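Inside the fold
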Amino acid sequence: EGSTSPSPSLLAKFGLTRPPPKSLGPDRQADLLPVVVIVEADERSGVNGVLLNRRTGYLLGDLEQPPPEDSASADNMPPILEKFCIQPLWFGGVDNIS
């Protein structure tokens, strides 16, 4: 058998212990696997990409919001993220830290 399976350490970065089984179907497999857009590749510096679909486990409503500047209007002011509170918060950015 060839070395076609991803390394356990790579799988662990995405919360997996093994590759998703084919019995899950292609849509569910795609939900579990990372989506990386390759933005640059060359022999000297290697490959740079952007991770698109890794959830943090938090929702936007979990973020702390700055208090309003006028504390008298604090009761009347809706939260900045009120309409988006149940949306998932995704990892993103260009840092090498995971």
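Quick caveat, the model's predicted, so the values are computed rather than measured. (Residues numbered from 1 in each chain as written. Predicted model: local features only at pLDDT ≥ 70, side-chain atom pairs only at ≥ 80, totals over all residues. Heavy atoms only, no water.)

Helix and strand content of the protein: two helices and four strands. Each helix and strand of the protein, placed in order from N terminus to C terminus, yields the pattern α-α-β-β-β-β. Buried positions account for 8% of the 98 residues belonging to the protein. Put simply, of all contacts in the protein between residues at least 6 apart along the chain, 41% involve residues at least 24 apart. (Helix = DSSP H or I, 4+ residues; strand = E, 2+ residues; numbered from the N terminus. Buried < 20%, exposed > 50% of the residue type's maximum accessible area, 1.4 Å probe, protein only. Contact = heavy atoms within 4.5 Å.)

Turning our eyes to something else, we now look at the environment of Leu52. Examined against the element boundaries, Leu52 turns out to sit in the loop between strand S2 (46-51) and strand S3 (55-59). The exposure class of Leu52 is partly exposed, given its relative accessible area of 45%. It is 7.9 Å that separates the C-alpha atoms of Leu52 and Trp90, two residues lying 38 residues apart in sequence. When neighbours within four sequence positions are excluded, Leu52 is seen to be in contact with Val35, Val37 and Trp90.

Position of Asn48 relative to the elements: it lies in strand S2. Among the residues examined, Asn48 registers a relative accessible area of 36% and is labelled partly exposed. Distance from Asn48 to Val36, taken between C-alpha atoms, is 9.4 Å for residues twelve residues apart in sequence.

Summarising the element assignment, Gln29 is placed in helix H2 (residues 26-32). Under the relative-accessibility criterion, Gln29 is labelled buried at 17%. If near-sequence neighbours (up to four positions away) are discounted, Gln29 is found in contact with Pro20, Pro21, Lys22 and Leu24.

Our next topic: the pairing of strand S1 (residues 36-42). The pairing of S1 with S2 spans six bridges and is antiparallel. Its bridge partner being in S2, Val36 is matched across the sheet by Leu51. Hairpin connection of S1 to S2: three residues between the antiparallel strands. (Pairing = 2+ DSSP bridges.)

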